[in-house]
Amino acid sequence: MPVTSEATTTWNGSLMEGSGNVAFSSSNLGTFPIDWKSRNEGSDTTTTPEELIAAAHSSCFSMALSNALAENGTPPERVNTTASVTFKPGVGITGSHLNVNASVPGLTPEKFQEIAEGAKTGCPVSQALAGIEITLEATLA
């Protein structure tokens, strides 16, 4: 059965001077502020569409990798993934870099790399981001 997820953004004003908030239907964490300056220059206090994509990509990849490792007979003890999504003003989103470190008993680094590459390709968010370059750095703990 399909599942639909929702987020709602309220934006006030023009692109350059305006700002807004994004909220997730599943969360009681409140709203997260957004604005062009943060998207264009970066920020430690205001989210961006690219940060939200990075959250989606890192979580989806972690689940895909965990599943692939379990199917290999080597379930992970821990998977830690950071996705770094790059935005270039005037160009758009140019790439997503996945950096994963996992604790997987009984698995060689070569086999881990192979399984991680397959998870990168098979992850539904990776598939949705097929128009950009997706790179992977995979290491065992």
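For the structure itself, consult the block above.
Being a predicted model, the structure only gives us computed values, none of them experimental.

Details of the pattern of salt bridges
Part 1 of the argument: Per the stated rule, a full pass over the model turns up 3 salt bridges.
Part 2 of the argument: Taking the shortest distance from any N to any O, the salt bridge between Glu114 and Lys111 comes out at 3.1 Å. With Glu114 and Lys111 both in helix α3 (residues 109-122), this residue pair falls 3 residues apart, about one helical turn.
Part 3 of the argument: On the accessibility criterion, Lys111 (28% relative accessible area) is partly exposed.

Let's talk about the nonpolar core
Here is a general trend for soluble globular proteins: nonpolar side chains tend to be buried in one another's company.
Part 1 of the argument: In this structure, Phe61, Leu65, Leu69, Val100, Phe112 and Leu136 are the most contacted members of the largest nonpolar core, which totals 23 residues.
Part 2 of the argument: Looking at this core, the elements that each hand over two or more residues are α2 (49-71), β4 (78-88), β5 (92-103), α3 and β6 (133-140).
Part 3 of the argument: It is α2 that provides the largest number of residues to this core, a total of 5 residues.
Part 4 of the argument: Not counting chain neighbours up to four residues away, the residues in contact with Phe112 comprise Leu65, Leu69, Val100, Ala102, Val104, Leu107, Ala138, Thr139 and Leu140.

As for the sheet that holds strand β2 (residues 19-24)
Part 1 of the argument: Spatially, β1-β2-β3 is the arrangement adopted by the 3 strands of the open sheet, whose pairing is antiparallel. Because the sheet does not close on itself, it has two edges, and the strands there are β1 (7-12) and β3 (32-35). Strand after strand, the sheet turns through a mean of 25° between neighbouring axes, direction not considered.
Part 2 of the argument: Pairing of β1 with β2, which is carried by 6 bridges, proceeds in the antiparallel orientation. Note on β2: the bridge partner recorded for Thr9 is Val22.

Calculation rules
- Residues numbered from 1 in each chain as written.
- Predicted model: local features only at pLDDT ≥ 70, side-chain atom pairs only at ≥ 80, totals over all residues.
- Heavy atoms only, no water.
- Salt bridge = Lys/Arg side-chain N within 4 Å of Asp/Glu carboxyl O.
- Helix = DSSP H or I, 4+ residues; strand = E, 2+ residues; numbered from the N terminus.
- Buried < 20%, exposed > 50% of the residue type's maximum accessible area, 1.4 Å probe, protein only.
- Core = buried A, V, L, I, M, F, W, Y, C linked by side-chain atoms within 4.5 Å.
- Contact = heavy atoms within 4.5 Å.
- Pairing = 2+ DSSP bridges.
- Axes fitted to C-alpha atoms, helices over the stretch in contact; angles between N-to-C directions.

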